[in-house]
Amino acid sequence: MVDVFMLEALAEARQGLASGGIPIGSVIVRDGTIIGRGHNRRVQEANPMKHAEIDCLINAGRVTSYRNTTLYSTLMPCYLCAGAIVQFNIPKVYAGESRTFPGAGEFMRSHGVEVIDLDLDECVSMMEQFIRERPDVWNEDIGK
């Protein structure tokens, strides 16, 4: 059974896809409550910084400390997002998958972040379909 918070991240990913973007979603949780949620809006807002995790952190607003939070993302965070995770001392990250994009899991681990790759088929199939249908947008997002 998929964790309720990963289900919320998946809902964000689907929302991003439905609005013409890349299907990656994220939520940040403290004490069992979602305090921020977001999805990749890079295409929709023509903003290269609006990855799902960054959007999630922006939507969480000013948080004095992230030390007791957990971030969920449908895809292993990239170096941009991993940098924010390390910078704000987010101690734990659940990634929906890293098969379609390896991301920066080892970078986060090397900075003390507990990274759990759930390797969820639903996350993989959603990304594989998007990459097949929109390789140009995907390659732009990952800098290829």
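Some details on the sheet that holds strand β1 (residues 25-30)
Here 5 strands make up an open sheet; going across it, the order is β2-β1-β3-β4-β5 and the pairing mixed. Among the strands making up the open sheet, the edge pair consists of β2 (33-39) and β5 (114-117). On average, each strand axis in the sheet is inclined to that of its neighbour by 15°, with strand direction left out of account. For strand β3 (residues 69-73) and strand β4 (residues 92-95), the ladder comprises 4 bridges, and the chain directions are parallel. Across the sheet, residue Y72 finds its bridge partner in β4, namely Y94.

Describing the environment of T74
Along the chain, T74 falls in the loop between β3 and α4 (79-87). When the C-alpha atoms of T74 and E12 are compared, they prove to be 9.1 Å apart, with 62 residues separating the residues in sequence. Setting aside residues no more than four positions away along its own chain, T74 makes contact with M6, A9, L10, A13, P23, I24, G25, G96, E97 and C123.

Examining the nonpolar core
Formed by 31 residues in total, the largest nonpolar core has its most connected members in I28, M108 and W138. Contributing elements (two or more residues each) for this core: α3 (52-60), α4, β4, α6 (121-133) and α7 (135-141). If we skip the residues at most four places from it in the chain, I28 touches T33, I34, I35, G36, C56, L57, A60, Y66, T69, T70, L71 and I90. Counting residues in hydrophobic clusters, the runner-up holds 12 residues, among them F5, A13, V29 and C123.

Some points on the side chain of T100
Of note, T100 is situated in the loop between β4 and α5 (105-110). Here the side chain of T100 touches E97 through a polar contact of 2.4 Å, side chain to side chain.

Looking at the packing of helix α1 (residues 4-18) against α6
Direction vectors running N to C along α1 and α6 enclose 15°, while the axes themselves pass 11 Å from each other. Viewed along their axes, α1 and α6 adopt a mutual orientation that is roughly parallel. Where α1 crosses over α6, the handedness of that crossing is left-handed. Touching L10, A13, R14 and L17 of α1 are E122, C123, M126 and F130, all from α6.

Some points on the packing of aromatic side chains
Applying the stated criterion to the full structure yields 5 aromatic pairs. An angle of 45° between the planes, with centres 5.6 Å apart, marks the rings of F5 and Y72 as tilted. A residue pair is termed long-range when its members are at least 10 positions apart, and F5 in helix α1 and Y72 in strand β3 qualify at 67 residues. Residue classification places Y72 among the buried residues on the basis of a relative accessible area of 6%. An aromatic cluster of three or more residues is present, and its members are F5, Y72 and Y94.

Conventions adopted
Residues numbered from 1 in each chain as written. Predicted model: local features only at pLDDT ≥ 70, side-chain atom pairs only at ≥ 80, totals over all residues. Heavy atoms only, no water. Pairing = 2+ DSSP bridges. Helix = DSSP H or I, 4+ residues; strand = E, 2+ residues; numbered from the N terminus. Axes fitted to C-alpha atoms, helices over the stretch in contact; angles between N-to-C directions. Contact = heavy atoms within 4.5 Å. Core = buried A, V, L, I, M, F, W, Y, C linked by side-chain atoms within 4.5 Å. Buried < 20%, exposed > 50% of the residue type's maximum accessible area, 1.4 Å probe, protein only. Polar contact = N/O pair within 3.5 Å; in protein donor to acceptor, adjacent residues only side chain to side chain. Parallel < 35°, antiparallel > 145°, perpendicular 65-115°, else oblique. Left-handed = near helix turned anticlockwise from the far one by under 90°. Phe/Tyr/Trp six-rings, centres within 6.5 Å; stacked < 30°, edge-to-face > 60°.

Function-wise, these values are silent; they only describe arrangement.
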